[in-house]
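Now for the letters of each chain:
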Amino acid sequence: MQVAPLPQSDVSLAIQTIDLSKAYGGLQAVDRLQLAIPAGQFFGLLGPNGSGKTTTIHMLTTLARPTAGQASVAGHDVLRESVAVRREVGLVFQESALDRTLTVDENLRFAGMLRNLSRATIRQRSDELLELFNLRERRHAKVATLSGGMRRALDIARGVLHRPRVLFLDEPTLGLDVPSRRGIWRFIERLRREEVMTVFLTTHYLEEAEACDQVAFLTSGRIIGAGTPESLVRRFGPYVLEIDGTDMDAVSGLLSPRLGPCLKEGATASFRVPDEQFSFAELQAELNDSVQAVRWRRPNLNDVFLWINDPTLSAGFEI
């Protein structure tokens, strides 16, 4: 298959791919990826390490050339119009792109100059972003003296200084503590409201992806499920049943005929409960003293992620 430009991109789509693929020697990192992301959408690409998420971002931002297939970003073909694509996108890498020897102000000024922004525009937008990210008081501080959360906030500020139409966030909160992660997401939500930009996210923190308009699960370079977070969780079922015990094989043998295969993690077995009317009281009476604890809870996106990425579990759960 030869790499070819898109014949005509849909202007209503911020990102469009057709059979987008990338191989590194014998490794197929991304395999015939199909995406159609409307302008203004918050989209999450989820998957385990090595699933092809970062490679996908690199192709969409022109940092890597596809082996096959087509893609457009902000209405521009990534092959024929790579310079135009770069003008329209912002990118926050997994690793910080900041110069730690420069100050906060200097990093933003340098980023603005690379984008050919005027000094007045750089100053105005820097003031706005530093206020938004609570960094105004640190504008003359060296980046090396900032906390991890502050550096990540500055990375994002740097990525949106030129007001991109599409913002790519590759694991933007990796390694941050919970308060810093929450702060980052408050900032991004405000940016989305004020700038009306499309946001393309990869993350390992599934609770972050629950705010997305749409998510897709990527495994071995292929999408294996997609939809709104709410619809995916709804299709999973009303409950997750968790049982602690010393003989998980016996528990699985007893319940799997009714509930399907279980996810075993140490001394805990988790079952997907597809029936809203399932009687947990009867189950507890049936199990009696043969287990240590029985719990049930509502599912979340992390449960969906675990189930569809395990071949022994996904057979009974189609999305």
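In this report, we go over the structure that sits alongside the text. Given the structure is predicted, the values throughout are model-derived calculations rather than measurements.

### Description of the nonpolar core
Here's step 1: Among the nonpolar cores identified, the biggest contains 48 residues, and L129, F133, L154, L169, F217, L301 and V304 are the most heavily contacted of them.
Here's step 2: Other than its neighbours up to four places away in sequence, L301 contacts L46, L206, A209, E210, F217, P229, L232 and V233.
Here's step 3: In terms of nonpolar packing, the next biggest core, distinct from the first, is built from 25 residues, L33, I57, L60 and L218 among them.

### Brief notes about the sheet that holds strand 12 (residues 263-265)
Here's step 1: Spatially, four strands are ordered 12-13-11-14 in an open sheet, and the strand pairing comes out antiparallel. Strands with a single pairing partner mark the edges of an open sheet, and in this sheet they are strand 12 and strand 14 (293-297). Adjacent strand axes in the sheet meet at a mean angle of 20 degrees when their direction is disregarded.
Here's step 2: Across five bridges, strand 11 (residues 239-244) lies against strand 14 in antiparallel orientation. Paired with D244 across the two strands is A293, which belongs to strand 14.
Here's step 3: Contacting strand 11, strand 12, strand 13 (268-273) and strand 14, helix 11 (residues 301-308) runs over the sheet at an angle of about 100 degrees to strand 13.

### Quick word on the packing of aromatic side chains
Here's step 1: Taken as a whole, this structure holds nine aromatic pairs when the rule is applied.
Here's step 2: Measuring from ring centre to ring centre gives 5.8 Å for F42 and W185, while their planes differ by 35 degrees; the resulting arrangement is tilted. Placement of F42 in strand 3 (residues 42-46) and of W185 in helix 6 (residues 178-195) is noted, with a sequence separation of 143 residues between them. For the pair F42 and W185, one class covers both residues: buried.
Here's step 3: Seen from their ring centres, F278 and F280 are 5.1 Å apart, and the 70 degrees between their planes marks the pair as edge-to-face.

Cut-offs and rules
Note on numbering: residues in each chain are counted from 1, in written sequence order. Reporting in this predicted model follows two pLDDT cut-offs: at least 70 for local features of residues, and 80 or more for side-chain atom pairs to be given and counted; totals over whole chains, interfaces and linings ignore these cut-offs and use all residues. Think of the side-chain values as coming from all heavy atoms in the structure, minus any hydrogens and water. Only buried Ala, Val, Leu, Ile, Met, Phe, Trp, Tyr and Cys residues count toward a nonpolar core, and they belong to the same one when joined by side-chain atoms within 4.5 Å. Only protein chains enter the accessibility calculation, which uses a 1.4 Å probe. A residue is then buried if its area is under 20% of the maximum for its type, exposed if over 50%, and partly exposed in between. It only takes one pair of heavy atoms within 4.5 Å for two residues to be counted as in contact. Only when DSSP finds a minimum of two bridges between them are two strands counted as paired. By definition, any uninterrupted DSSP run of H or I lasting at least four residues is a helix, any uninterrupted run of E lasting at least two residues is a strand, and each is numbered from the N terminus. Angles run from 0 to 180 degrees between N-to-C directions of axes, and those axes are lines fitted to C-alpha atoms, restricted for helices to the stretch in contact. Two aromatic rings from Phe, Tyr or Trp, using only the six-membered ring of Trp, form a pair when their centres are within 6.5 Å; if the ring planes differ by under 30 degrees the pair is stacked, by over 60 it is edge-to-face, and anything between is tilted.

These results come straight from atomic positions and should not be treated as a statement about function.
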